[in-house]
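# Overview (structure and organization)
Spelled out, the chains give:
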Amino acid sequence: MSSRERILGRVRRALADVPDTEREETAYERAVPRDYLREHGERSVAETVELLAGNLADYRAIVHRTTTEELPYLIMRLLAERGPQYVLVPPGLPPEWMSAADPTRVHDRAVSTPHELDEVESVVTGCALAIAETGTLVLDGSPDQGRRRITLVPDHHICVVRVPEQVVSSVPQALERLDPTRPLTWISGPSATSDIELDRVEGVHGPRTLEVVLVGD
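Residues numbered from 1 in each chain as written. Predicted model: local features only at pLDDT ≥ 70, side-chain atom pairs only at ≥ 80, totals over all residues. Heavy atoms only, no water.

## Re the overall build of the protein chain
Heads up, the rule is: A run of DSSP states H or I qualifies as a helix once it reaches four residues; a run of E qualifies as a strand once it reaches two. Both are numbered from the N-terminal end. Only protein chains enter the accessibility calculation, which uses a 1.4 Å probe; a residue whose area is less than 20% of its type maximum is buried, one above 50% is exposed, and one in between is partly exposed. Here, residues are in contact when the closest pair of their heavy atoms is within 4.5 Å. Residue burial considers only the protein chains on display, and all accessible areas are found by Shrake-Rupley using a 1.4 Å probe.
Across its full length, the protein chain carries six helices and twelve strands. In the protein chain, buried positions account for 40% of the 217 residues. Here the contacts in the protein chain between residues at least 6 apart in sequence split such that 70% fall between residues at least 24 apart. For the protein chain, the exposed area adds up to about 12,700 Å²; of that, 52% sits on carbon and sulfur atoms.

What follows is the structure, given as structure tokens:
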């Protein structure tokens, strides 16, 4: 008996006492209790944004705050500080975000190889939303975010979060707003790993530097 057959057999046994007409609609809801907290404590919008900024910083992300008008100049400065020759740009990135910057732009293309992407220093994207309690950014492959791989290969990621509309308090609130059929990427700080002696190494599985720009008026 294969592993697949064993798993399916357990599922069938677990659903044996559920009528066929109800299995598809209610079996999952009956099996999984939904009595957990949707968020931990009550916070104002401003407090939620402060919590997000604090948790992002705890994960060693670099947090910036700006307005819509100043965003292009901040992105220009962040890219100039890195001195990149190339920057990846998703197809649906608002053009005004890059209006003040003038690096060589590399567009997100299906034919791009990992080697070509590795030659790019920075990537600028939006996000689907940000979770305050966990300091997590969620990308869903929308046009302003591009393919998952463009945020995993370059060493420097600038992610723009619209405040407060893209900020939620908790993971349950995030799941209610996300489309589970989309390719979701959950990011909590720059890529990092530790060996058995807990020596931290950043940039192993993704960007070594994550800069989060909170944009609000």
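Back to the text.
## Observations concerning a nonpolar patch on the surface
So the rule is basically this: A patch consists of residues whose relative accessible area exceeds 30% and which take part in no salt bridge; residues with like charges are grouped when within 9 Å of each other, and nonpolar side chains (Val, Leu, Ile, Met, Phe, Trp, Tyr) when within 5 Å. The working definition used for a salt bridge is a side-chain nitrogen of Lys or Arg within 4 Å of a carboxyl oxygen of Asp or Glu.
The grouping of Val171, Leu175 and Trp186 at the surface amounts to a nonpolar patch, some 260 Å² of accessible area in total. By secondary structure assignment, the location of Val171 is in helix α6 (residues 171-177). Overall, the relative accessible area of 30% leaves Val171 in the partly exposed class.

## Considering the side chain of Asp140
Here Asp140 is to be found in the loop between β6 (136-139) and β7 (156-162). When sequence neighbours within four positions are dropped, the list of residues in contact with Asp140 reads Ala128, Gln145, Arg182, Pro183 and Leu184.

## Regarding a negative patch on the surface
Selection rule: Positive charges come from Lys and Arg alone, negative charges from Asp and Glu alone, with His and the N- and C-terminal ends not counted. A charged residue contributes its charge at one atom only: NZ of Lys, CZ of Arg, CG of Asp or CD of Glu.
On the surface, Glu69, Glu70, Glu165 and Asp217 cluster together into a negatively charged patch. As for its position among the elements, Glu165 is in the loop between β7 and β8 (167-168). A relative accessible area of 46% places Glu165 in the partly exposed class.

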